[in-house]
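Next come the chains, spelled out residue by residue.
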Number of protein chains: 2
Amino acid sequence: MKPDDILIDYFSKLVYFENFDHNVLRELVSHAQRFVFASNEIIFLEGEPAKGLWLIEQGRVKIYKLNPEGREHVLRIFGDKDTFNDIPAFDNGVNPVNAMSLSDSTLWMLPCAIFQDLILRDAHFAMRVIRILSQRVRGLITQIEELTLYSVIVRVARFVLKQANDPVLIGEGVTRAVIASYLATTPQTISTALRELEQAGAIVFDRHRIMIIREDILRSIAML
Amino acid sequence: MKPDDILIDYFSKLVYFENFDHNVLRELVSHAQRFVFASNEIIFLEGEPAKGLWLIEQGRVKIYKLNPEGREHVLRIFGDKDTFNDIPAFDNGVNPVNAMSLSDSTLWMLPCAIFQDLILRDAHFAMRVIRILSQRVRGLITQIEELTLYSVIVRVARFVLKQANDPVLIGEGVTRAVIASYLATTPQTISTALRELEQAGAIVFDRHRIMIIREDILRSIAML
DNA sequence: GTATCGACTTCGCCTAGATGAAGTTGATAA
DNA sequence: TTATCAACTTCATCTAGGCGAAGTCGATAC
């Protein structure tokens, strides 16, 4: 395959472009730019005009907010084949969040302008975007629910269950500090919670791996 | 005007249907059903199949989540001319949240089925839906930010500022308990926070009204 | 007028979880 | 092999804010 074909093949696996016409994809791909980031580099900042939609070829990226004192809240962690910062591509607004690489990462960036045109030209693409955004809203509602209505130990238990189905949440760059910031708590409190889950017989863990021993116990602590 | 024309006129003021073709609106309106709720009635529950998109002719409605112990978190408060529960109309899913009237309310319900058809037929309507959903996502991100990165007094200060620009957040049904549940705190803590804002010279208040005295002070406490 | 009732306030106590400090561990490099 | 360093753990202390109890206030009903 030519380099372009590899890229097209790769794009056609993304949630936005599944089963997409390859000629349209070829056109899209021709506008894509490739970026390489080292670990812990800022990709973009909240409030800046958005460059475009980002795709992760390989690596880990955190999406986060900062308060004036510099405290951080991680909204999401993305990995291979994920896309992020789509919102500005749809509403022409500025970046709603900050983005930083958690590991050495290879990314692609697709300029915003392309999207709005595509939405107006292709009703089925528009419908797909609407479905994706609807799922996003549901996900954010769930995040708010978990943050406001459940204690740290419940949130940690749910996170461990989530990790089991999402390899992105394990591995390079996903440190206790990042998990803590994602669960709106501290690394120390995560440690304590994991120890409690272990004493309850739900998991065993060391600093690299968390293993679920009794999913039923874990789920009951997670109130699921 | 005939009753139908009043309704069409009313629909044409909603964010989804501004500047809409009146013939299409007439068709839409013909499927709408009217509902009257007393104060504190359940309109629908999370997890139920969605009846449709709701419109508030007059009244107040809270959208909320409950945890297994019955603790509540209010996600949003809606009032006259607002619409809610649009998500299931786009993705055919179940209700993501619970809804309850906060006052005697008159509502309209527009069956889901109509929307998807409209999206596929009208690219500009689809674009409008995408813009609305994008704004929704931005709003939810802001909510998460405020809940995780700011203390109660900051959240209360921001709420008071929000009230000044949004009459929906004042008046019948919007009790301390509802505000507390919206800010993920308790009525007692709201009282304490308001007293602190008063002592700082930012506001004066009694149990019915909060008046901003020095917006600059309030904004600085709100960290804005 | 007085009774009732729900919303609001105030106060005291209490706890989940934040914070800071002092290790421990394990990976990488010299 | 040893030094370094970042990530992680553990523990002691502290505090924001939750919670229960006891008023207060003001609207509505009688």
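The paragraphs below set out a description of the structure included in this document. (Residues numbered from 1 in each chain as written. Chains lettered and ligands numbered in written order. Predicted model: local features only at pLDDT ≥ 70, side-chain atom pairs only at ≥ 80, totals over all residues. Heavy atoms only, no water.)

## Here we look at the pattern of salt bridges
Side-chain pairs of opposite charge can arise whenever the charged atoms involved come near each other. Counted according to the given criterion, the structure contains 26 salt bridges over all chains. Salt-bridge contacts for Lys65 of chain B lead to Glu145 of chain A; the nearest nitrogen and oxygen are separated by 3.3 Å. Linking Lys65 of chain B in strand β4 (residues 61–66) with Glu145 of chain A in helix α5 (residues 123–149), this pair reaches from one chain into another. The class for Lys65 of chain B is buried, based on a relative accessible area of 5%. Under the relative-accessibility criterion, Glu145 of chain A is labelled buried at 10%. (Salt bridge = Lys/Arg side-chain N within 4 Å of Asp/Glu carboxyl O. Helix = DSSP H or I, 4+ residues; strand = E, 2+ residues; numbered from the N terminus. Buried < 20%, exposed > 50% of the residue type's maximum accessible area, 1.4 Å probe, protein only.)

## Here's the deal with the nonpolar core
Generally speaking, soluble globular proteins have nonpolar side chains that are buried together. Grouped together as the largest cluster of nonpolar side chains are 102 residues, with contacts concentrated most on Phe11, Phe17 and Phe84 of chain A together with Phe11, Phe17 and Phe84 of chain B. Apart from residues no more than four positions distant in its own chain, Phe84 of chain B is found in contact with Ile43, Phe44, Leu53, Trp54, Ile56, Val61, Ile63, Phe78, Ala99 and Leu107 of chain B. Core analysis: the next-biggest nonpolar cluster, separate from the first, contains 28 residues, Ala180, Ile190, Ile203 and Ile217 of chain A among them. (Core = buried A, V, L, I, M, F, W, Y, C linked by side-chain atoms within 4.5 Å. Contact = heavy atoms within 4.5 Å.)

## Some details on the protein's contact with DNA strand D
Near DNA strand D, the surroundings consist of 16 residues, among which Arg176, Ser191 and Phe205 of chain A together with Thr185 and Thr189 of chain B are the closest. Contacts to DNA strand D include Arg195 of chain A, whose side-chain N or O atom sits 3.1 Å from a phosphate oxygen. Between DNA strand D and Thr185 of chain B there is a distance of 2.7 Å, counted from a phosphate oxygen to a side-chain nitrogen or oxygen. Secondary-structure elements contributing two or more residues to the surface near DNA strand D are α7 (176–182) and α8 (187–199) of chain A together with α8 (187–199) of chain B. Considering every element that reaches the surface near DNA strand D, the biggest residue donor is α8 of chain A, with three residues. (Near = heavy atom within 4 Å. Polar contact = N/O pair within 3.5 Å; in protein donor to acceptor, adjacent residues only side chain to side chain.)

## Notes on the relation of the copies chain B and chain A
Between chain B and chain A, which share one sequence, the superposing operator has a rotation angle of 180° and an axial displacement of 0.0 Å; the RMSD is 0.0 Å. The two molecules are tied by a two-fold rotation axis, judged by turn and shift. Taken together, the interface assignments show that 100% of the residues at the interface of chain B recur at the interface of chain A, consistent with an identical surface on both copies. (Least-squares fit on C-alpha atoms with pLDDT ≥ 70 in both.)

## Some thoughts on the sheet that holds strand β2 (residues 42–44) of chain A
Here four strands make up an open sheet; going across it, the order is β2-β7-β4-β5 (chain A) and the pairing antiparallel. Here the strands that pair on one side only, and so sit at the sheet edges, are β2 and β5 (72–78) of chain A. In this sheet, adjacent strand axes meet at a mean angle of 35° when their direction is disregarded. Pairing geometry for strand β4 (residues 61–66) of chain A and β5 of chain A, over six bridges, is antiparallel. Within β5 of chain A, the position partnered with Leu66 of chain A by the bridge is Glu72 of chain A. The strands touched by helix α5 (residues 123–149) of chain B within the sheet are β4 and β5 of chain A, with β5 of chain A carrying the most contacts at an inclination of about 135°. (Pairing = 2+ DSSP bridges. Axes fitted to C-alpha atoms, helices over the stretch in contact; angles between N-to-C directions.)

## Some details on the protein's contact with DNA strand C
If you check the shell around DNA strand C, you find 16 residues, and the closest are Thr185 and Thr189 of chain A together with Arg176, Ser191 and Phe205 of chain B. In DNA strand C, atoms within 4 Å of the protein come from the sugar-phosphate backbone in 69% of cases. Arg207 of chain A places a polar side-chain atom, nitrogen or oxygen, 3.2 Å from a base oxygen of DNA strand C. No other element matches the three residues that α8 of chain B contributes to the surface near DNA strand C. Its residues assigned to classes, the surface near DNA strand C comprises four nonpolar, eight polar and four charged. (Nonpolar A, V, L, I, M, F, W, Y, C, P; charged D, E, K, R; others polar.)

## Some thoughts on the interface of chain B and chain A
On the side of chain A, 46 residues touch chain B, which itself brings 46 residues to the contact. With both chains or domains summed, chain B and chain A bury close to 4,000 Å², and 71% of this area falls on carbon and sulfur atoms. Inspection of the region where chain B meets chain A yields four salt bridges. Note that Asp91 of chain A is salt-bridged to Arg138 of chain B, the shortest N-O span being 2.7 Å. There are 14 residue pairs in polar contact (both at pLDDT 80 or more) connecting chain B and chain A. Elements with a contribution of two residues or more to the side of chain B that touches chain A: β4, β5 (72–78), α3 (87–91), α4 (113–121) and α5 of chain B. Sort the elements by how many residues they give to the side of chain B that touches chain A and α5 of chain B lands first, with 21 residues. Here the side of chain B that touches chain A is built from residues that sort into 26 nonpolar, eleven polar and nine charged. (Buried area = accessible area lost by both parts, 1.4 Å probe.)

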